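Chains, contacts and geometry: an overview
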Amino acid sequence: MAPFIPLCWIAFSFVRQPVCRKGHRSAPRCFSSSSRLLLTVKNVITSPKSNTLQKVQKLLQQRKKRLEYNQVVVEGPRSVLDLLKTHSQVVRQVIVDVDQLHYHAALSQYETELEICYATAAALQSCSDTNQGIFAVCDIPQPDSVVPSSELQRVTLILDALQDPGNVGTLIRSAAATGVVEHIYFLPGTCDPWNPKALRAAMATTFGVSMRFVDSWDGCLQELRQQQSHDHFPIYAAAMTNESECYHEIISKWAEEPDTHKMALILGSEGNGLSPEIQQALKTREIQGIHIPMQPVVESLNAAVCGSILLYEVLRCLESSKQR
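This section reports on the structure supplied with the text. This structure is a prediction, so every number in the text was calculated from the model and none was measured.

1. With respect to the sheet that holds strand β5 (residues 115–119)
Strand order across the open sheet formed by four strands is β3-β6-β4-β5, with mixed pairing between neighbours. Either end of the sheet is taken by a strand with one partner, and the two such strands are β3 (71–75) and β5. Neighbour-to-neighbour, the strand axes of the sheet open up by a mean angle of 20 degrees, direction not taken into account. Pairing between β3 and strand β6 (residues 134–139): five bridges, direction antiparallel. Across the sheet, residue Gln71 finds its bridge partner in β6, namely Asp139.

2. A look at unusual backbone geometry
Phi at Ala161 is positive, roughly 55 degrees, even though this residue is not glycine. Tracing the chain through its elements places Ala161 in the loop between β7 (155–160) and α6 (165–178). One non-glycine residue with positive phi stands out, namely Arg285, at about 65 degrees. The topology assignment puts Arg285 in the loop between α10 (276–283) and β13 (288–291). Of the residues examined, Arg285 reaches a relative accessible area of 61% and is grouped as exposed.

3. Details of the sheet that holds strand β10 (residues 235–238)
Taken in spatial order, the seven strands make up an open sheet running β9-β8-β7-β12-β10-β13-β11, and their pairing is parallel. For this open sheet the edge positions go to β9 (211–213) and β11 (245–246), each flanked by a neighbour on one side alone. Sheet topology note: the β7/strand β8 (residues 181–186) ladder contains five bridges and is parallel. Across the sheet, residue Ile158 finds its bridge partner in β8, namely Tyr185. Where α6 meets the sheet, its contacts fall on β7, β8, β9 and β12 (263–268), and the angle it forms with β8 comes to roughly 165 degrees. Along the sheet, helix α8 (residues 217–227) contacts β7, β8, β9, β10 and β12; its crossing angle with β8, the most-contacted strand, is approximately 160 degrees.

4. Quick word on the nonpolar core
One broad trend across soluble globular proteins is that nonpolar side chains are buried collectively. The biggest cluster of nonpolar side chains holds 63 residues, and the ones touching the most others in it are Val91, Cys138, Leu159, Val180, Ile184, Phe207 and Leu310. Within the second largest apolar cluster, 19 residues are counted, among which are Leu187, Leu274, Leu282 and Ile287.

5. Looking at the side chain of Ser308
Here Ser308 lies in helix α11 (residues 303–323). Ser308 sits in the buried class, given a relative accessible area of 13%. Not counting chain neighbours up to four residues away, the residues in contact with Ser308 comprise Leu171 and Ser174.

6. Observations regarding α6
End to end, α6 covers 20 Å across 14 residues, agreeing with the expected 20 Å (1.5 Å per residue, within 8%). Among all positions of α6, only Pro165, Asn167, Val168, Gly169, Leu171, Ile172, Ser174, Ala175 and Thr178 are buried. Here the buried face of α6 lies against β7, β8, α7 (196–202), β9, β12 and α11. Residue Asp164 occupies the N-cap position of α6, its side-chain oxygen lying 3.0 Å from the main-chain nitrogen of Gly166. Residue Gly179 follows α6 closely and has a positive phi angle near 75 degrees.

7. Let's talk about the environment of Gln125
Its location among the elements puts Gln125 in helix α5 (residues 121–125). Its relative accessible area of 39% is what places Gln125 among the partly exposed residues. Gln125 sits 28 residues away from Asp97 along the chain, and the two C-alpha atoms are 9.9 Å apart. One polar contact links Gln125 to Asn131, side chain to side chain, over a distance of 3.4 Å.

8. A few points about the packing of α6 against α11
As a packed pair, α6 and α11 sit with axes 9 Å apart at the nearest point and diverge in direction by 10 degrees. One way to sum up the angle between α6 and α11 is to call them roughly parallel. Packed against α6, whose contacting residues are Asn167, Thr170, Leu171, Ser174, Ala175, Ala177 and Thr178, the element α11 presents Ala303, Ala304, Gly307, Ser308, Leu311, Tyr312 and Leu315 at the interface.

9. Concerning the pattern of salt bridges
Two side chains of opposite charge can pair, provided their charged atoms sit close to one another. With the rule as written, the count across this model stands at nine salt bridges. In this structure, the salt-bridge partner of Asp192 is Arg66, at a minimum N-O distance of 2.9 Å. With Asp192 in the loop between β8 and α7 and Arg66 in helix α2 (residues 63–69), the pair connects residues that are 126 residues apart, well separated along the chain. Members of the salt-bridge network, linked through shared partners, are Arg63, Arg66 and Asp192.

10. Focus: the pairing of β7
Counting buried positions over the six residues of β7 gives six, a clear majority of the element. Because side chains alternate across β7, one face comprises the buried residues Val155, Leu157 and Leu159, and the other comprises Thr156, Ile158 and Asp160, equally buried. The parallel pair β7 and β8, bridged by α6, forms a crossover whose chirality is right-handed. Examined bridge by bridge, β7 and β12 share six bridges and lie parallel to one another. In the strand pairing of β12, Val155 is matched with Met263.

What counts and what doesn't
- Residues numbered from 1 in each chain as written.
- Predicted model: local features only at pLDDT ≥ 70, side-chain atom pairs only at ≥ 80, totals over all residues.
- Heavy atoms only, no water.
- Pairing = 2+ DSSP bridges.
- Helix = DSSP H or I, 4+ residues; strand = E, 2+ residues; numbered from the N terminus.
- Axes fitted to C-alpha atoms, helices over the stretch in contact; angles between N-to-C directions.
- Buried < 20%, exposed > 50% of the residue type's maximum accessible area, 1.4 Å probe, protein only.
- Contact = heavy atoms within 4.5 Å.
- Core = buried A, V, L, I, M, F, W, Y, C linked by side-chain atoms within 4.5 Å.
- Expected span 1.5 Å × (residues − 1).
- Polar contact = N/O pair within 3.5 Å; in protein donor to acceptor, adjacent residues only side chain to side chain.
- Parallel < 35°, antiparallel > 145°, perpendicular 65-115°, else oblique.
- Salt bridge = Lys/Arg side-chain N within 4 Å of Asp/Glu carboxyl O.
- Right-handed = clockwise from strand over helix to strand, strands pointing away.

Below, the structure written as structure tokens:
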């Protein structure tokens, strides 16, 4: 009878490579063990207390830290990868889940330009409840560094105490999509556009929009007067008042006037409406109210929906006037 030969498991050792890779073209070699993918990298971040992830947490959670570092964190594969395509110059570091190989392949073309760090899913989970396995640490651009994306940038959008980050992010995204917004002004009480929720709603378009922060309506008005290049610079506020006029008539008339093509558009919060100072300016006719007609069963529109409709009407009227 043949002797019994016991079977043995063979342990494999893996070649080690640095985790933060800058200047390496080849992607790390990967192996599959059960359902887990093991990368041939060393110093994978496993602790949420690491300096890298502590900084990410602070930037996500604290506005004062974003101001201190002049940096912000972008989350999620679509936002991060879109940002790398459109504004790669602002990205300083990418932190990625060590097991998410499809992210590694997408990032491989940027390895000579970026610092790419790997971390475990558990460690990344400590950074955000919406952890999708990839974060980018980015510089906040200065307002004057934003390059105009369209010759139709004729609108200054003013957000008056708009507190909902989803609305703020959506309006930024609509501003970028229409290409008609030259600047966005943020009055006191408006949500920080670099808030994580606002950034997610904007889908990385925030970096391509010029944004300015003012301390008061009077300060905003003073800046607008300094910037206007024509004597006729209308300021409109979205408001459901007896004196307000239909947005379509107002915007189409404005677009037809020769050499005007500049306006300011004010949006207030859906819950509280416009601030008292702007309401007073409406009463004194310093600014003009416009509204979007709707059925009586609806009292008001979501601020982001209202603003997006108005911006697309501006785009439509400007393009129509160019064709005449």
